[in-house]
Amino acid sequence: SYTDLQSAGHLGDYLKAMAEVVKEAIKNAPSVIFFDELDSFGSRSASSGGSYSRYTASVINDMLQQLTRLNAAEGVIVLAATNFIENIDPAIIRSGRFDAKIAVPYPDRSGARDILAHHIRSDLEIADAVVNRLLGHSGADLALVARDAKSRARRQQSPVTAQHLQEAASAAVPHSLDTDLHRIAAHEAGHIVMAAALDMPLPFSARIAPTGGAVTRLAPTLHTPNSIKNELAYFMGGRAAEKILHGTISSGSGADEQSDLDKATAMAIAQERQWGLGKSGLLYAPIDGNKRHTLTAPQQHTINERLKAAEGLAVRTLTENRELLEQVTQALLEKRELDSRQIAILVAPKEPYKPTEETDVQGTDTIVM
């Protein structure tokens with residue numbers, strides 16, 4: 001870790017410590033060298049000048065050389081982890097240094113069950129109700145729930161039981177949150193149905209839990225005015241679904257950064273100020289998320305009108321597909337998690353079965369689907 005290396009002393013000692021770690025990895029090949037919290041090593045582009053900037057630049061430059069050495073070494077696998085890949089110097093994670101970038105999302109139902117079982121370390125069967133309650137939580141959160149269950153068991157001087165685990169899960173996610181579960185399911189179903197109705201790539205996973213939900217899909221890399229219109233409507237699908245099935249809209253669409261409204265606003269701003277596909281013509285003036293307040297009043301009006309039009313399209317589309325919206329909502333409530341196959345089956349067009357001529361000749365019974 002950066003802290004381990006920095007504790008060696010001043011810059012010269014730091015660089016020497018890094019070289020020794022790399023030398024040890026190469027000497028003991030086959031081996032694995034793992035950099036924890038890779039973003040802590042800094043980025044030259046984020047430096048603001050001064051002695052610290054020179055220190056960071058020296059650290060990064062040396063690290064690039066060491067990664068090149070490791071890449072050339074036979075039998076050495078280089079791994080790293082980070083929660084903030086955007087804060088890493090681009091040269092560090094380019095191909096040839098780190099070839100594969102693997103996003104690790106929060107555990108799915110199977111993963112959550114395995115993590116709980118691992119930390120409880122018993123033959124106790126993990127109930128579906130417990131797993132469903134804890135979906136959307138990190139591995140560390142799940143480990144904390146397991147420790148809580150074991151603590152409850154120790155206080156009663158007994159092995160861990162299903163009741164201990166249920167109580168620990170309920171403490172982590174109170175049952176009072178269950179009142180929002182149908183709204184959460186409707187919200188996420190809205191995104192799924194919008195993707196299907198607008199003939200967009202379908203999501204490959206969806207999940208809900210009392211604490212929130214998520215739908216995961218591959219976003220397009222290039223846009224046209226029509227694809228932007230559809231993407232904005234997709235982002236508004238959750239709000240629209242809440243309005244249709246509950247009569248009101250919650251704050252869920254704008255709960256935080258990377259929320260539906262944040263992504264939609266960022267896209268509308270990019271259309272106007274970056275992609276040359278808005279009223280500002282060919283102006284290229286990207287704007288950071290924390291500086292959106294500097295948009296001119298006419299630009300704010302344009303972007304807001306574009307978002308309102310997208311919400312209108314989402315409401316109309318989901319109203320026309322209300323039966324499907326209700327079906328997907330119910331599926332999420334029952335299963336709590338849907339994979340790509342389940343989603344594809346749910347939204348597939350339901351057309352009547354038409355027997356072929358061969359079927360008629362053979363006299364097979366006709367079944368109307």
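Conventions and cut-offs
Residues numbered from 1 in each chain as written. Predicted model: local features only at pLDDT ≥ 70, side-chain atom pairs only at ≥ 80, totals over all residues. Heavy atoms only, no water. Patch = residues over 30% accessible without salt bridge, like charges linked within 9 Å, V, L, I, M, F, W, Y side chains within 5 Å. Areas by Shrake-Rupley, 256 points an atom, 1.4 Å probe, with all protein chains shown as cover. Salt bridge = Lys/Arg side-chain N within 4 Å of Asp/Glu carboxyl O. Helix = DSSP H or I, 4+ residues; strand = E, 2+ residues; numbered from the N terminus. Axes fitted to C-alpha atoms, helices over the stretch in contact; angles between N-to-C directions. Parallel < 35°, antiparallel > 145°, perpendicular 65-115°, else oblique. Left-handed = near helix turned anticlockwise from the far one by under 90°. Contact = heavy atoms within 4.5 Å. Nonpolar A, V, L, I, M, F, W, Y, C, P; charged D, E, K, R; others polar. pLDDT = per-residue confidence, 0-100. Expected span 1.5 Å × (residues − 1). Buried < 20%, exposed > 50% of the residue type's maximum accessible area, 1.4 Å probe, protein only. Phe/Tyr/Trp six-rings, centres within 6.5 Å; stacked < 30°, edge-to-face > 60°. Lys NZ or Arg CZ within 6 Å of the ring centre and 35° of its normal. Pairing = 2+ DSSP bridges.

## Side note on a nonpolar patch on the surface
- Together, V32, F34, I77 and L79 give the surface a local cluster of nonpolar side chains, amounting to about 380 Å² of exposed area.
- Going through the elements one at a time, β1 (31-35) and β2 (76-80) are the ones with two or more residues in the nonpolar patch.
- By the secondary structure assignment, I77 is in strand β2.

## As for the packing of helix α10 (residues 237-246) against helix α12 (residues 297-320)
- Their axes nearest at 8 Å, the elements α10 and α12 cross at an angle of 55°. In terms of orientation, α10 and α12 fall into the oblique class. Every pair of crossing elements has a handedness; the one defined by α10 and α12 is right-handed. Residues G237, R239, A240, A241, K243 and I244 of α10 pack against E311, A314, V315, L318 and T319 of α12.
- Within the contact of α10 with α12, the residues separate by chemical class into 6 nonpolar, 2 polar and 3 charged.

## Points about the confidence of the model for the protein
- In this model, the protein carries an average pLDDT of 90, and 93% of its residues clear a pLDDT of 70 or more.
- Within the model, the stretch residues 357-369 combines pLDDT values under 50 with 7 contacts to residues more than four positions away or in other chains.

## Overview of helix α8 (residues 181-197)
- Compared with the 24 Å implied by 1.5 Å per residue over 17 residues, the 24 Å span of α8 between its first and last C-alpha is a close match.
- Among the 17 residues that make up α8, 14 are buried, leaving the element largely enclosed by the rest of the structure.
- Phi for D199, located one or two positions after α8, is positive at around 55°.

## Some details on the packing of aromatic side chains
- Enumeration over the complete set of coordinates arrives at 5 aromatic pairs.
- Measuring from centroid to centroid gives 5.8 Å for Y2 and Y14, while their planes differ by 55°, and the two rings are tilted. In this pair, Y2 is assigned in helix α1 (residues 2-6) and Y14 in helix α2 (residues 11-27), connecting sequence segments 12 residues apart. Exposure class is identical for Y2 and Y14. Each is buried.
- Connected via pairs of aromatic rings, a cluster forms that spans Y2, Y14, F35, F41 and Y55.
- For R217, the ring lying beneath its charged end belongs to Y234, and the centroid distance is 4.3 Å.

## What to know about the sheet that holds strand β4 (residues 212-216)
- Overall, antiparallel pairing links the 3 strands, which are arranged β4-β3-β5 in an open sheet. On the outer flanks of this sheet lie β4 and β5 (337-339), each paired with one strand and no other. Within the sheet, the average angular offset between the axes of one strand and its neighbour, ignoring direction, is 0°.
- Here 3 bridges tie strand β3 (residues 205-209) to β5, and the two strands are oriented antiparallel to one another. For A206, the partnering residue across the bridge sits in β5 and is L338.

## Things to note about the packing of helix α9 (residues 225-235) against α12
- The N-to-C vectors of α9 and α12 enclose an angle of 70°; their axes lie 8 Å apart at closest approach. The orientation of α9 with respect to α12, classified from their angle, is roughly perpendicular. Residue-level contacts link K229, N230, L232 and A233 of α9 to R306, L307, A310, L313 and A314 of α12.
- The residue makeup of the contact of α9 with α12, split by class, is 6 nonpolar, 1 polar and 2 charged.

## Here we look at the pattern of salt bridges
- Scanning the model with the defined rule gives 12 salt bridges in all.
- For R109, the salt bridge is made with D128, and the minimal N-O distance between the two is 3.8 Å. You can see R109 sitting in helix α4 (residues 109-120) and its partner D128 sitting in helix α5 (residues 128-134), a full 19 residues away along the chain.
- On the basis of relative accessible area, D128 is assigned to the partly exposed category, the value being 44%.
- Linked by salt bridges that have partners in common, R109, R113 and D128 make up one network.

## Notes on the pairing of β1
- Taking every second residue as pointing to the same face, the buried face of β1 carries S31, I33 and F35, while none of V32 and F34 on the other face is buried.
- The pairing of β1 with β2 spans 5 bridges and is classified as parallel. From the neighbouring strand, S31 faces β2, where its bridge partner is V76.

## Some details on the pairing of β3
- Across the 5 residues of β3, 4 count as buried, placing the element largely inside the fold.
- In this structure, β3 lies alongside β4, joined through 5 bridges in antiparallel fashion. Bridge pairing in β4 places A206 opposite V215.
- Counted between consecutive antiparallel strands, the loop separating β3 from β4 contains 2 residues.

## Concerning the side chain of T329
- Take T329: it is sitting in helix α13 (residues 322-335).
- A residue is classified by how much of its surface remains accessible, and T329, at 2% relative accessible area, is buried.
- With near-sequence residues (within four places) excluded, T329 lies in contact with H182, A185, A186, A189 and L245.

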